[in-house]
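Commentary on secondary and tertiary structure
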Amino acid sequence: TQLLEQSPQFLSIQEGENLTVYCNSSSVFSSLQWYRQEPGEGPVLLVTVVTGGEVKKLKRLTFQFGDARKDSSLHITAAQPGDTGLYLCAGAGAGNMLTFGGGTRLMVKP
Amino acid sequence: NAGVTQTPKFRILKIGQSMTLQCTQDMNHNYMYWYRQDPGMGLKLIYYSVGAGITDKGEVPNGYNVSRSTTEDFPLRLELAAPSQTSVYFCASSLRDPGLYEQYFGPGTRLTVT
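Residues numbered from 1 in each chain as written. Chains lettered and ligands numbered in written order. Predicted model: local features only at pLDDT ≥ 70, side-chain atom pairs only at ≥ 80, totals over all residues. Heavy atoms only, no water.

1. Quick word on the side chain of Q25 of chain B
Residue and element names in this part refer to chain B. What counts, and what does not: Numbering of helices and strands runs from the N terminus; a helix is a DSSP stretch of H or I covering at least four residues, while a strand is a stretch of E covering at least two. Type-normalised accessible area, obtained with a 1.4 Å probe on protein chains alone, sets the label of each residue: buried when under 20%, exposed when over 50%, and partly exposed for intermediate values. Any pair of nitrogen or oxygen atoms within 3.5 Å is treated as a polar contact; in protein, a donor-acceptor pairing is required on top of that, and neighbouring residues in sequence qualify only through side-chain atoms on both sides. Contacts are residue-level and defined by heavy atoms, with any inter-residue pair within 4.5 Å sufficient.
Tracing the chain through its elements places Q25 in strand 3 (residues 19-25). Looking at Q25, the relative accessible area reads 1%, which means it is buried. A polar contact of 3.2 Å, which involves the side chain of Q25, links it to the backbone nitrogen of N28. From its side chain, Q25 meets the backbone oxygen of H29 in a polar contact 2.9 Å long. With near-sequence residues (within four places) excluded, Q25 lies in contact with G3, V4, M32, R68, T71, E72 and S93.

Okay, structure coming up:
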């Protein structure tokens, strides 16, 4: 079974601060996705990274895939209250199905 | 486009009862999935289907059954409900491989078994 561990599990910060969320595994993934989920809704895809070392930017969000394709990070610059939510990483492994991490619950206070 | 729709939104079952969670997508996606999400946790794959007539087990299939008679519909059946099946259930679909193609999720069904 492939496992993805996310850290931290919870993060509460003030508006304007920067933060980084980590997603780690001992397994190699062919691709890795980040999702954001708001209360009472399903997850929504933010980004897919495929190549080891790949960096993708989405406005104030920067995603990086580790060189060995075993880990990933999500960095948010100048967080805003609208960034509040549950952030999930998911890796594609055996059979190409996704394995989800446990999630990082982010709260950004005004 | 409605995307992925799920019914019901909420349900309370007694131990031993049965029910079917409905899922429909109108995007002509080949792949469909059922996940469960326990409080404060990530998603675990129950069953998936790569096309009509084809289904396969995911990580946590015990206690569930699925069928895929059409491209649009992918119902999830709970035969003998147990408290351990209390969870939020999400249906999702993607055009092809979930690692490369976006999965679109429904709004979820919150199930409580007492």
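2. A short note on the pairing of strand 9 (residues 85-92) of chain A
All names here are of chain A. Definition in use: Two strands form a pair only when DSSP identifies at least two bridges running between them.
Along strand 9, 8 of the 8 residues are buried, which leaves the element largely enclosed by surrounding structure. Direction of pairing for strand 4 (residues 31-37) relative to strand 9: antiparallel, over a ladder of 7 bridges. Counterpart to W34 in the pairing with strand 9 is C89. Examined bridge by bridge, strand 9 and strand 11 (residues 104-109) share 3 bridges and lie antiparallel to one another. Bridge pairing links L86 to R105 in strand 11.

3. Structural notes on the sheet that holds strand 1 (residues 4-7) of chain B
Residue and element names in this part refer to chain B. Put simply, the test is: Axis geometry follows a simple rule: fit a line to the C-alpha atoms, using only the stretch in contact for helices, then measure angles between N-to-C directions, giving values from 0 to 180 degrees.
With respect to topology, 4 strands assemble into an open sheet ordered 1-3-8-7, the strand pairing being antiparallel. Edge positions in the sheet fall to strand 1 and strand 7 (64-66), since each of these pairs with one other strand and no more. The average angle at which neighbouring strand axes cross in this sheet is 20°, direction not considered. Relative to strand 3, strand 1 runs antiparallel, the two sharing 4 bridges.

4. Things to note about the interface of chain B and chain A
How big an interface is tends to be reported as the loss of accessible area on association of its parts. Here is the rule: Once two parts are brought into contact, the accessible area they lose, counted with a 1.4 Å probe and summed over both, makes up the buried area. We define a salt bridge as a side-chain nitrogen of Lys or Arg found within 4 Å of a carboxyl oxygen belonging to Asp or Glu.
Taken residue by residue, the interface counts 22 residues in chain B and 22 residues in chain A. Each partner contributes to the roughly 1600 Å² buried at the junction of chain B and chain A, and carbon and sulfur atoms together form 59% of this total. Where chain B touches chain A, the interface holds 0 salt bridges. Linking chain B with chain A are 5 residue pairs in polar contact (both at pLDDT 80 or more). Broken down by secondary-structure element, the contributors of at least two residues to the side of chain B that touches chain A are strand 4 (31-37) and strand 5 (43-51) of chain B. Broken down by element, the side of chain B that touches chain A gets its largest block of residues, 4 residues, from strand 4 of chain B.

5. So, the state of the cysteines
A covalent bond between the sulfur atoms of two cysteines is referred to as a disulfide. The following threshold applies: The disulfide criterion used throughout: a pair of cysteine sulfur atoms within 2.5 Å.
Applying the stated criterion to the full structure yields 2 disulfides over all chains. Covalently, C23 of chain A is tied to C89 of chain A through a disulfide, its sulfur atoms 2.0 Å apart. An S-S torsion of about 75° defines the bridge between C23 of chain A and C89 of chain A as right-handed. Of this pair, C23 of chain A sits in strand 3 (residues 19-24) while C89 of chain A sits in strand 9, placing them 66 residues apart in sequence. A single burial state applies to C23 of chain A and to C89 of chain A, both of which are buried. The side chain of C23 of chain B participates in a disulfide bridge whose partner is C91 of chain B; the two sulfur atoms lie 1.8 Å from each other. Taking the torsion about the S-S bond as the criterion, the C23 of chain B to C91 of chain B disulfide, at about -70°, is left-handed.

6. Some thoughts on unusual backbone geometry
Residue S7 of chain A is joined to P8 of chain A through a cis peptide bond whose omega torsion reads -10°. Position of P8 of chain A relative to the elements: it lies in the loop between strand 1 (5-7) and strand 2 (10-14). For the bond from T7 of chain B to P8 of chain B, the omega torsion is -5°, close enough to zero to count as cis. Examined against the element boundaries, P8 of chain B turns out to sit in the loop between strand 1 and strand 2 (10-13). Phi angles above zero are rare outside glycine, and R69 of chain A is one such case at about 60°. Relative to the helices and strands, R69 of chain A is located in the loop between strand 7 (61-65) and strand 8 (71-76).

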